Amino acid sequence: MPDEKSTNQPQKNVGFKPTSSQIFILAAVVIVLAFLGFVFMFMDLNNPQGQTQGQLNGEDSNQAADQNVAAIVNGEKIFVLAIEKRFKSVPPELAAQITKKSILDNLIDSTLVLQETKKQGVNVDENDVQSLYLLEEAQAQQIMAQSGMTKEEILQTIREYLLTQKFLEEKVFVNATVSDKETSDFFEENKDLIKEVRASHILVEDENKAKELLAQLQADANFAQLAKDNSIDTGSAQIGGDLGFFPRGVMVKEFEDTAFALQAGQLSEIVQTQFGYHIILVTAINDDLNSFSDQIKDVLLKQKQDDLYKDLLSELNQNATIEIFFKDN
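Residues numbered from 1 in each chain as written. Predicted model: local features only at pLDDT ≥ 70, side-chain atom pairs only at ≥ 80, totals over all residues. Heavy atoms only, no water.

Focus: the environment of Ser-291
Okay, so step 1: You can see Ser-291 is positioned in helix H14 (residues 289-318).
Okay, so step 2: When its relative accessible area of 37% is taken as the criterion, Ser-291 is described as partly exposed.
Okay, so step 3: At a separation of 3.1 Å, a polar atom in the side chain of Ser-291 contacts the side chain of Asn-286. (Helix = DSSP H or I, 4+ residues; strand = E, 2+ residues; numbered from the N terminus. Buried < 20%, exposed > 50% of the residue type's maximum accessible area, 1.4 Å probe, protein only. Polar contact = N/O pair within 3.5 Å; in protein donor to acceptor, adjacent residues only side chain to side chain.)

Here's what the structure looks like:
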């Protein structure tokens, strides 16, 4: 890896090199968003079926005489305080994406799923609840200090999360599988995104210097040694110019276009970028299905699970009696 402090690297994003699994996720967006160390699933249900416009607008109801009630789901109350506490717990990096309304939507969905979980008789071991709390205790303490949530509320959140996960795995996702053909088809359709190249480079500021070094390399000089002695990319120079494996979208265009056009073992001509003059040696190419099949199957499985979860929520909402009184000011 190049030195993160070097400003002469050909990388677009210094210090960031996406893995193959991140590339897959770009091609197949995962719907479930995890945060707070525990999982709150925010699904985009702007108008869940079963709610009238009056209910969405928070019109008065005899059942909502208690102004602390944000919503009633099949007779079960969701309190405003629960929304406020969770809203205070949202990390700064997610603040722009999370609203009190989205938290309420999540709580409604969670309530529906938990109600179905109870109907199905799913239970979790209390030891698992305590174990997960201890694993995340430092973050749990931070959440409690920030939001005013109690330890028992945190434990209940963990308990409900584990119940939901067990229910989904045992009752909803049980038949979700990915075939070898689906894996192969995905790979062929996204091969250009998935392919990785391993390359080394020598970077210099002067074109004439680059020409001299290229002539030496064409005369069978040692690439790694010339990189150590001459490259101004100090991070990669220390390891013979090696940049490791990288997919498309990491390096600047001129560098990327050249690297991905070369065969393994092939040396480039001089490539000029905003950083200077490069000589590139491609040392390996990874474009074999077997190298990526496990990651592809994992992404495709998550896609199927997300679809099944959305179908579940749609069905539960259609059959539910939901009243919303909360107004996000």
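Now that the structure has been shown, we can carry on.
Some points on the packing of helix H3 (residues 80-88) against helix H4 (residues 100-119)
Okay, so step 1: Across the interface, H3 lies against H4 with an axial gap of 9 Å and an inter-helix angle of 120°. If you check the angle between H3 and H4, you find them oblique. Here the hand of the crossing between H3 and H4 comes out right-handed. Contacts between H3 and H4 pair Ala-82, Ile-83, Glu-84, Arg-86 and Phe-87 from the former with Lys-100, Ile-103, Leu-104 and Leu-107 from the latter.
Okay, so step 2: A per-class count over the contact of H3 with H4 returns 6 nonpolar, no polar and 3 charged. (Axes fitted to C-alpha atoms, helices over the stretch in contact; angles between N-to-C directions. Parallel < 35°, antiparallel > 145°, perpendicular 65-115°, else oblique. Left-handed = near helix turned anticlockwise from the far one by under 90°. Contact = heavy atoms within 4.5 Å. Nonpolar A, V, L, I, M, F, W, Y, C, P; charged D, E, K, R; others polar.)

Section: unusual backbone geometry
Okay, so step 1: Phi is positive for Asn-74, which is not a glycine, with a value near 50°.
Okay, so step 2: Along the chain, Asn-74 turns up in the loop between strand E1 (69-73) and strand E2 (76-79).
Okay, so step 3: With a relative accessible area of 38%, Asn-74 lands in the partly exposed category.
Okay, so step 4: Positive phi outside glycine occurs at Asp-220, with the angle close to 75°.

None of this, on its own, says anything about what the molecule does.
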